[in-house]
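So the chains spell out like this:
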Amino acid sequence: MTAARQRILSGVKPTADSLHLGNYIGAVRQWVAMQDQYEAVFFIPDLHAITVDFDPAALATRTRTVAAQYIAAGVDPEKAIFFVQSHVPEHAELAWVLNCLTGFGEASRMTQFKDKTAKSGSDAATLGLFAYPTLMAADILLYQADLVPVGEDQRQHLELTRTLANRFNTRFGETFTVPEATILKETAKIYDLQNPAAKMSKTGESPNGAIQLLEDPKIAAKRIKSAVTDDGTEIRFDAEAKPGVSNLLTIYSSLTGRSIAELEEAYAGKMYGHLKVDLAEVMVDFVTPLRARTAELLDDPAELDRLLAHGAQRARAIASVTLQDVYNKVGLLAPATAGR
Ligand code: TRP
């Protein structure tokens, strides 16, 4: 064991106005838990957000809204380094160097790029989308991150990041920490309330399938009460036979810390309706303060921007050292300091 804490890094794109419950339980809460145990670097990859179709009128607001929700949910901008990607120019700068060390064919094999361009054809895709994975590698390598907690869909991007780190270290000398590909244990997965076969997402078929954290808590309660349940009456966790009820139990357990077994026992002999009424109340108690705190942060954008500027400053202190080292090793001529 070394004395230094491991460094953990992750990002979440500002693509929706409100986080949903699945984001919260799947990612945000994990971040909050990790900031005590690790040296945490969290950021909002707004440069990644513009690799696909985007609305310039909404982007800045979304970035602030996502930031406010993360802070409201417990990301502590003093403990964690929390910032906006475009505020730290080293991300784009290191990405360029990595672009020059990545094969065209290698980038072409990224499945996410292939999926995203399969429908519209590669003519509709931008160079930015093609370079998405190398920008992500730069995000990670700039901070010498040890661990990167992301979903399974990002595994291939992490593999590329490791490949690029090793390639650079071999060719130019030890420079980057090679981040662990071990994707942190999947915590509870939250499913769509109307279609428990699908993950809760911002693009679900019915708006009733997801709980948006910024919506009126009354709506959240209503969505729980109208969630699809299963045949039979028994309240028991069985993801195969009872996906609807199991999903409600997972949510209940995640928000209260009560184990599934404990909940099964508490609801033995009761009806689905009981579970829903109680969970609706739990949901209201959870959403109400979160929403209030987010609104408070958004009401004072100058203070929010100041917190993000503080994060960017701390981030740059690390990122600029790595980038300088990279520029030197690659052989770029260092500029003389101005003023002679
Ligand atoms: N690509 C990630 C996603 O879609 C977001 C992201 C960008 C990221 N840069 C990152 C995640 C660096 C972890 C580390 O979820």
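Residues numbered from 1 in each chain as written. Predicted model: local features only at pLDDT ≥ 70, side-chain atom pairs only at ≥ 80, totals over all residues. Heavy atoms only, no water.

*Asks:* Looking at this structure, how should I read the pairing of strand β1 (residues 7–11)?
*Replies:* In the case of a regular strand, side chains alternate between the two sheet surfaces. A large share of β1 lies buried, amounting to four of its five residues. Where β1 and strand β2 (residues 39–44) come together, five bridges link them in parallel fashion. By the bridge assignment, Ser-10 is partnered in β2 with Phe-42. (Buried < 20%, exposed > 50% of the residue type's maximum accessible area, 1.4 Å probe, protein only. Helix = DSSP H or I, 4+ residues; strand = E, 2+ residues; numbered from the N terminus. Pairing = 2+ DSSP bridges.)

*Asks:* So what exactly am I meant to see when it comes to the site of the ligand here?
*Replies:* The ligand sits among 14 residues. The nearest are Lys-13, Tyr-132, Met-136, Asp-139 and Gln-154. Within the side chain of Asp-139, one N or O atom sits 2.7 Å away from a nitrogen atom of the ligand. Considered on its own, the ligand offers 360 Å² of accessible surface; in the complex 90% of this is hidden by protein. It is helix α8 (residues 132–141) that contributes the most residues to the shell around the ligand, four residues altogether. (Near = heavy atom within 4 Å. Polar contact = N/O pair within 3.5 Å; in protein donor to acceptor, adjacent residues only side chain to side chain. Areas by Shrake-Rupley, 256 points an atom, 1.4 Å probe, with all protein chains shown as cover.)

*Asks:* Quick question: what am I supposed to make of the sheet that holds β1 here?
*Replies:* Each strand in a sheet pairs with its neighbour through backbone hydrogen bonds, running either in the same direction (parallel) or in the opposite one (antiparallel). What the three strands build is an open sheet, ordered β1-β2-β3; its pairing is parallel. Each end of this open sheet is capped by a strand with a single partner; those strands are β1 and β3 (81–84). Going from strand to strand, the sheet's axes swing by 15° on average, the running direction of each strand aside. In this sheet, β3 lies alongside β2 in parallel orientation, the contact comprising four bridges. Bridging across to β3, Phe-42 finds its partner in Phe-82. Docked against the sheet, helix α14 (residues 301–330) engages β1 and β3, running at close to 105° with respect to β3. (Axes fitted to C-alpha atoms, helices over the stretch in contact; angles between N-to-C directions. Contact = heavy atoms within 4.5 Å.)

*Asks:* Explain α8 to me, please; I cannot follow it from the model alone.
*Replies:* The α-helix advances 3.6 residues per turn, and as a result positions three or four apart in sequence lie on the same side. Of all ten residues making up α8, ten are buried, and the element is well covered by its neighbours. For α8, every residue scored as buried is listed here: Tyr-132, Pro-133, Thr-134, Leu-135, Met-136, Ala-137, Ala-138, Asp-139, Ile-140 and Leu-141.

*Asks:* What is the right way to look at the packing of aromatic side chains in this model?
*Replies:* Aromatic ring pairs are described here by two measures, namely the spacing of the ring centres and the angle between the planes. Taken as a whole, this structure holds eleven aromatic pairs when the rule is applied. The aromatic ring of Tyr-132 is capped on one face by Lys-116, whose charged end is 5.4 Å from the ring centroid. Lying over the aromatic face of Tyr-267, Lys-270 brings its terminal NZ or CZ to 5.5 Å of the ring centre. (Phe/Tyr/Trp six-rings, centres within 6.5 Å; stacked < 30°, edge-to-face > 60°. Lys NZ or Arg CZ within 6 Å of the ring centre and 35° of its normal.)

*Asks:* What should I look at first to understand the packing of helix α10 (residues 217–225) against helix α13 (residues 272–298) in this one?
*Replies:* Between two packed helices, the angle of one axis relative to the other and the distance separating the axes together describe the packing. The contact between α10 and α13 brings their axes to 8 Å, and the two run at 155°. Here α13 runs roughly antiparallel to α10, going by the angle between their axes. Like other packed secondary-structure pairs, α10 and α13 cross with a definite hand, here right-handed. From α10, Pro-217, Ala-220, Ala-221, Ile-224 and Lys-225 reach across to α13, where they touch Lys-276, Val-277, Leu-279, Ala-280, Met-283, Val-284, Val-287, Thr-288 and Arg-291. (Parallel < 35°, antiparallel > 145°, perpendicular 65-115°, else oblique. Left-handed = near helix turned anticlockwise from the far one by under 90°.)

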